[in-house]
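Summary of structural features
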Amino acid sequence: MSASQPNYTDPPAAAPTVRVRLFAALREAMGWSEQQVAAAANPATPLELWQQLDLAGAWLAATGAPAGAAPAGEGLPAGIRVAINQQFAEAHTPLADGDELAFLPPISGG
Amino acid sequence: MPTTASSAAPAVSMSVSLHPDPIDPCQQLEQWQAQLQAGGAEGPAATSLFIGRVRGRTVSGAPLDALELEHYPGMTEGQLQRLTAACARRHPVAAVLVRHRTGLVLCGDAIVVVAVLADRRGPAQRCCQELLEALKHDAPFWKREWSSGMGEWLLGNTPLVEAPTT
């Protein structure tokens, strides 16, 4: 009954698998509303999943950007927000295995 | 006998819900107020009410067939609760009601109802306005305008019209 000791030969944790959800114009542009995605990067962030899933091109098309236009910035496009486990989060938040990650187009409620 | 500490502000009563079917704002308000006063207590003196309805025209001016409201099941309800609680903490109000449609909403039908009860008109009106703006920016809803069989997603809110300066 010894206290657990760190095992320095443990392999590094695997990259997380997350449930990605899309809504509204982004869902229609990509043709799917949710997918289980094994992140390619470890640790993985929402921004990395955005890039891994190649969502930028679909979003540009959905918002009527001219053909050939490419986002110059390093972050998510203006207006796209991120939610992790149904709470707003930053694009650089590290994801955990089993997280629910949603990319939200500009909100229009009320 | 326990001593009475300085009393905390009474808990604000919140009633927040999504509705896939048409709602009658006045009926919702009446039922809610009846429930609040079921114990026989006198209701607060001030009520501030907002009702948002679907316009007959799209943003570009074409005739509108219907407005479709998509939401994020789970997060939308949670956000509405959080936003309502936060507004209610910032103002001395007694009760807050939020009703929001989802799905297809026809021209003239109510999309959203926000009502605030308070002892004074200032807090009632300010809390109501603040909560409406908060939910328009931070509650996950997306509107699609249907016109002549074609649907177009709105990419943001209509601007809040500022008060005239003169």
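Preceding this paragraph is the structure being described.
Counting of residues starts from 1 at the beginning of each chain's written sequence and follows it residue by residue. To read the labels, note that chains go from A and ligands from 1, taken in the order they are written. Note on the predicted model: pLDDT of at least 70 is required for a residue's local features to be given, and 80 or more for side-chain atom pairs to be given and counted; whole-chain, interface and lining totals, by contrast, use all residues.

1. Structural notes on the interface of chain B and chain A
The line we're drawing: For every residue pair, C-beta atoms are placed from the backbone, and the pair is scored as a contact if these atoms sit within 7 Å. Numbering of helices and strands runs from the N terminus; a helix is a DSSP stretch of H or I covering at least four residues, while a strand is a stretch of E covering at least two. Under the scheme applied, nonpolar residues are Ala, Val, Leu, Ile, Met, Phe, Trp, Tyr, Cys and Pro; charged residues are Asp, Glu, Lys and Arg; polar residues are all the others, including Gly.
Facing the 22 residues of chain B at the interface are 15 residues of chain A. Every element with two or more residues in the side of chain B that touches chain A is listed here: helix H2 (75-90), strand E6 (110-118), helix H3 (121-138) and strand E7 (141-147) of chain B. Of the residues forming the side of chain B that touches chain A, the biggest block, four residues, is contributed by H3(B). The residue makeup of the side of chain B that touches chain A, split by class, is 13 nonpolar, six polar and three charged.

2. What about the sheet that holds strand E4 (residues 95-101) of chain B?
All names here are of chain B. To be explicit about the condition: Any two strands with at least two DSSP bridges between them are considered paired. Axis definition: a line fit to C-alpha positions, over the contact stretch in the case of helices; interaxial angles, taken between N-to-C directions, run 0 to 180 degrees.
What the four strands build is an open sheet, ordered E1-E4-E6-E2; its pairing is mixed. One side of each edge strand has no neighbouring strand; the edge strands of this open sheet are strand E1 (13-19) and strand E2 (46-53). Strand after strand, the sheet turns through a mean of 5° between neighbouring axes, direction not considered. Pairing of E1 with E4, which is carried by seven bridges, proceeds in the parallel orientation. The partner of Ser15 across the bridge, within E4, is Leu97.

3. A word on the packing of H2(B) against H3(B)
Residues and elements named next belong to chain B. Put simply, the test is: Just so you know how the angles are binned, under 35 degrees is roughly parallel, over 145 roughly antiparallel, 65 to 115 roughly perpendicular, and the rest oblique. With the far helix as reference, a near helix turned anticlockwise by less than a right angle produces a left-handed crossing, and one turned clockwise produces a right-handed crossing.
The contact between H2 and H3 brings their axes to 10 Å, and the two run at 150°. By the criterion of interaxial angle, the relationship of H2 to H3 is roughly antiparallel. The way H2 lies across H3 gives a crossing that is right-handed. For the pair formed by H2 and H3, the contact residues are Gln79, Leu80, Leu83, Thr84, Cys87 and Ala88 on the first element and Cys127, Glu130, Leu131, Ala134, Leu135 and Asp138 on the second.

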